[in-house]
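Observations on the model geometry
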Amino acid sequence: MILVRAMEAADLDWAIALCARLEGAPEWSRAVWGRVLEADPHRVALVADDEWQAGFAVATVVGPEAELELIAVAPERQRRGVARALMAELAGRVREAGAEEMVLEVRASNRAALGLYEQAGFVVTGGRARYYRDPVEDAVLMWMRLV
Ligand SMILES: CC(C)(COP(=O)(O)OP(=O)(O)OC[C@H]1O[C@@H](n2cnc3c(N)ncnc32)[C@H](O)[C@@H]1OP(=O)(O)O)[C@@H](O)C(=O)NCCC(=O)NCCS
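Heads up: these notes are all about the structure in this document. Only a predicted model underlies this, so the values are computations on that prediction, with no experimental measurement involved.

1. Remarks on the layout of surface pockets
Space inside the largest pocket adds up to approximately 1,100 Å³. As for the largest pocket, its lining consists of 36 residues, of which Ile71, Asn110, Ala112, Ala113 and Tyr117 are closest to the centre. Elements supplying a minimum of two residues to the lining of the largest pocket: strand S4 (65-73), helix H3 (82-96), strand S5 (101-107), helix H4 (111-120) and strand S6 (123-132). Looking at the lining of the largest pocket, its residues break down into 19 nonpolar, six polar and eleven charged. By volume, the second largest pocket is sized at about 200 Å³.

Right under this line is the structure:
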């Protein structure tokens, strides 16, 4: 069973270590993570637990637009619906925070994330050439209506 809950300070070390293990996940500084965990109505940070912590997702809400900033699942827990459960709960929470649509950008080569987002209902709206560094790569822009 997968349970999705709000991220807590006690999840921080685990989340940072998970990002360091995952190709495709940004390595945010502790200062950035500190802001994620602040009681901020414009930010939604969730953790999915199965037997223990399995994955997390972070989004911001500005007016009617939410942006998915990061979603990550531990390699040994992938392909079991953890990210799907996170996306479903995230969509509900950002809607509650006032969002009517959600946007994101993703590396063009990230097949797992592209598959996840398409399954969740996102559509491709465009791209940004050479947007990412290390390695340099295009970004795919995606959008989903929430209401
Ligand atoms: C992308 C990621 C979060 C998916 O997590 P997950 O828990 O394995 O995904 P789920 O099991 O919920 O899969 C849901 C759907 O996503 C798609 N998907 C997930 N992994 C996939 C893969 N490796 N290849 C193709 N499609 C994939 C499928 O459509 C899948 O549905 P299905 O299993 O019924 O086919 C995970 O691969 C990950 O953490 N990647 C590294 C970090 C990253 O790149 N994050 C995104 C950018 S911030």
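2. Focus: the site of the ligand
What surrounds the ligand is a group of 22 residues, the closest being Ile71, Val73, Arg79, Arg84 and Asn110. Arg79 places a main-chain nitrogen or oxygen 2.7 Å from an oxygen atom of the ligand. Compared with its free state, where it exposes 910 Å², the ligand has 79% of that area covered by protein. If you map the ligand onto the pockets, it falls in the largest pocket. Elements represented by at least two residues in the shell around the ligand include exactly S4, H3 and H4. With seven residues, H4 is the largest single contributor of residues to the shell around the ligand.

3. Describing the pairing of strand S7 (residues 137-145)
Side-chain positions along a regular strand alternate between the two faces of the sheet. With seven bridges connecting them, S5 and S7 associate as antiparallel partners. Considered in S7, the bridge of Glu101 is made with Arg145. Note that S6 and S7 share six bridges and pair antiparallel. Note that in S7 the partner of Gly127 across the bridge is Val140.

Criteria and thresholds
Residues numbered from 1 in each chain as written. Predicted model: local features only at pLDDT ≥ 70, side-chain atom pairs only at ≥ 80, totals over all residues. Heavy atoms only, no water. 1 Å grid on protein atoms, 1.4 Å probe; cavity = no way out; pocket = protein on both sides within 12 Å on 5 of 7 lines; lining within 4 Å. Points joined across faces, edges and corners; volume = space filled by probe spheres on them. Helix = DSSP H or I, 4+ residues; strand = E, 2+ residues; numbered from the N terminus. Nonpolar A, V, L, I, M, F, W, Y, C, P; charged D, E, K, R; others polar. Near = heavy atom within 4 Å. Polar contact = N/O pair within 3.5 Å; in protein donor to acceptor, adjacent residues only side chain to side chain. Areas by Shrake-Rupley, 256 points an atom, 1.4 Å probe, with all protein chains shown as cover. Sits in = over half its atoms within 2 Å of the grid points. Pairing = 2+ DSSP bridges.

Note that every value here comes from positions in space, so none of it alone points to a role or purpose.
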